[in-house]
Amino acid sequence: MNATEPALQDRFTRQRDLVPINRLADVATTVIGVGAIGRQVALQLAAIGAPRIQLVDFDVVDVTNVTTQCYLGEDVGRPKVLATAAAIHRLDASIHVATIQDRFRAKQ
């Protein structure tokens, strides 16, 4: 066990009964659209310990997204999926984040 593992385990103390960490181990999630709601969903998935998150969005961060979608000023001009992936990694660098900068298209 390294020095960061105990602190990481303590992070989940309050949610352990609601969202058991061992049940999350095999979960892979996809968030389609990382605007106002999707970005918050992605960040909350990261906060509860989802180990794999896929982000799909075609858009880039606009200056208006700073006030309406909780992006940072430094994110303006970046693809939303990359800005959100960076925010996820600030919460937990161990999360595997896959990004698709494109519109969602259902497989047929």
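Chains are numbered independently. Their residues run from 1 in the order of the written sequence. Local features in this predicted model are restricted to residues of pLDDT 70 or higher, and side-chain atom pairs are both shown and tallied only at a pLDDT of 80 or more, whereas totals for entire chains, interfaces and linings draw on every residue. As a rule here, side-chain values come from all non-hydrogen atoms in the structure, and water together with hydrogens is ignored.

Asker: Can you walk me through the nonpolar core in this structure?
Answerer: What tends to happen in soluble globular proteins is that the nonpolar side chains get buried as a cluster. Here the nonpolar core consists of buried residues drawn from Ala, Val, Leu, Ile, Met, Phe, Trp, Tyr and Cys, with membership extended through side-chain atoms lying within 4.5 Å. Under the scheme applied here, a residue whose accessible area is under 20% of the maximum for its type counts as buried, over 50% as exposed, and between as partly exposed, the area being computed with a 1.4 Å probe on protein chains only. With 18 residues, the main nonpolar core has Val31, Val34, Ile53, Leu55, Ile88, Ile95 and Val97 as its most contacted residues. Helix and strand definitions here come from DSSP, where helices need a minimum of 4 consecutive H or I residues and strands a minimum of 2 consecutive E residues; each element is numbered from the N-terminal end. Listed by contribution, the elements that provide at least two residues to this core are helix H3 (36-48), strand E2 (52-56) and helix H5 (80-91). No other element matches H5, which puts five residues into this core. Those residues in contact with valine 31, other than ones at most four positions away along the chain, are Gly38, Val41, Ala42, Leu45, Ile53, Gln54, Leu55 and Val56. Contacts between residues were defined by any pair of non-hydrogen atoms, one from each residue, lying within 4.5 Å.

Asker: What's the story with the pairing of strand E1 (residues 28-32) in this structure? I'm lost.
Answerer: If a strand is regular, its side chains alternate between the two faces of the sheet. Of the two faces of E1, only one is covered, namely that formed by Thr29 and Val31; the face formed by Ala28, Thr30 and Ile32 stays uncovered. Both E1 and E2 contribute to a ladder of five bridges, which runs parallel. The residue bridging valine 31 from the neighbouring strand is leucine 55, located in E2. Regarding topology, H3 serves as the crossover connection from E1 to the parallel E2, and that connection is right-handed. Two strands qualify as a pair provided that DSSP identifies no fewer than 2 bridges between them. The definition of a right-handed crossover adopted here requires that, viewed with the strands pointing away, the path from the first strand over the helix to the second runs clockwise.

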